[in-house]
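As a plain string of letters, each chain reads:
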Amino acid sequence: MTSLKTGHIGLNVTDLDRSSAFYQQVFGFEVVDRSADPEHPWHFLGRDGQLVITLWQQSEGRFSTAAPGLHHLSFEVPDLVDVLRAEQVLRALGAEFEREGVVPHGEGAASGGIFFTDPDGTRLEICTASIAGAGAAPSGTAPTCGFF
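Summarised in this report is the structure supplied together with it. Quick caveat: nothing in here was measured; it's all calculated off a predicted structure.

## Considering the overall build of the chain
And then number 1: Looking only at helices and strands, the chain has two helices and eight strands in total.
And then number 2: For the chain, the N- to C-terminal ordering of α and β elements is β-α-β-β-β-β-α-β-β-β.
And then number 3: Burial status across the chain gives 38% buried among its 148 residues.
And then number 4: Of the contacts formed within the chain by residues at least 6 apart in sequence, a portion of 57% connects residues at least 24 apart.
And then number 5: Taken as two groups, the 9 positive and 19 negative side-chain charges of the chain have centres that lie 3 Å from each other.

What follows is the structure in structure tokens.
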């Protein structure tokens, strides 16, 4: 391989319409494509025609933090203003936060963000490179995004 980058993310969801609306409101995604088959519903979500997340309605229950597999998804934004805007949207939606407010990635780190869950409990992060003055890291020297 001469070049490698992450492609799209595929998530199983319990309620496609609810999850699709959540990701559109929080991240500003649009529906790029959708299933025409009611037996196999899915949405391709993205920006500017680029696929970012596929939502597949084919699961039950809630995301398990105890099972091997995905730990969390992190999305980086240009600045703290974008993190704070996202936090406002999430609060209006009644999202569950794992940490209170914007927190550093570790003790003394300049970067950080917010940690929350989607409607099915999938752990998410919105972060930026500089969060000057955000306060102490909740996990001390351990990576904040690793222990929630």
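The discussion continues.
## Examining the sheet that holds strand β5 (residues 73-76)
Each strand in a sheet pairs with another by means of backbone hydrogen bonds, the pair being arranged parallel or else antiparallel.
And then number 1: Spatially, the four strands line up as an open sheet ordered β5-β8-β7-β6, and their pairing is mixed. Each edge of the sheet is formed by a strand with only one pairing partner; in this case those strands are β5 and β6 (103-104).
And then number 2: Sheet topology places β6 next to strand β7 (residues 112-117); two bridges connect them, and they run antiparallel. By the bridge assignment for β7, Val103 is matched with Gly113.
And then number 3: Seen against the sheet, helix α2 (residues 80-93) touches β7 and β8 (123-128) and runs at an angle of roughly 20 degrees to β7.

## Some thoughts on the sheet that holds strand β1 (residues 9-13)
And then number 1: Taking strand neighbours across the sheet as the criterion, the four strands line up as β1-β4-β3-β2 in an open arrangement whose pairing is mixed. Here the strands that pair on one side only, and so sit at the sheet edges, are β1 and β2 (30-34). Geometrically, the sheet is characterised by an average inter-axis angle of 30 degrees between neighbouring strands, direction not taken into account.
And then number 2: Here β1 runs beside strand β4 (residues 50-57); their pairing, made up of five bridges, is parallel. Along β4, the bridge assignment pairs Gly10 with Thr54.

## Section: the pattern of salt bridges
And then number 1: Inspection of every chain in the model, using the stated rule, returns five salt bridges.
And then number 2: Taking the shortest distance from any N to any O, the salt bridge between Asp120 and Arg18 comes out at 3.0 Å. A residue pair is termed long-range when its members are at least 10 positions apart, and Asp120 in the loop between β7 and β8 and Arg18 in helix α1 (residues 16-27) qualify at 102 residues.
And then number 3: For Asp120, a relative accessible area of 6% translates into the label buried.
And then number 4: Taking the relative accessible area as the measure of exposure, Arg18 reaches 38% and is therefore partly exposed.
And then number 5: Residues Glu87 and Arg91 are paired through a salt bridge, measuring 3.0 Å at the closest nitrogen-oxygen approach.

Cut-offs applied
- Residues numbered from 1 in each chain as written.
- Predicted model: local features only at pLDDT ≥ 70, side-chain atom pairs only at ≥ 80, totals over all residues.
- Heavy atoms only, no water.
- Helix = DSSP H or I, 4+ residues; strand = E, 2+ residues; numbered from the N terminus.
- Buried < 20%, exposed > 50% of the residue type's maximum accessible area, 1.4 Å probe, protein only.
- Contact = heavy atoms within 4.5 Å.
- Lys, Arg positive; Asp, Glu negative; His and termini not counted.
- Charge placed at Lys NZ, Arg CZ, Asp CG, Glu CD.
- Pairing = 2+ DSSP bridges.
- Axes fitted to C-alpha atoms, helices over the stretch in contact; angles between N-to-C directions.
- Salt bridge = Lys/Arg side-chain N within 4 Å of Asp/Glu carboxyl O.

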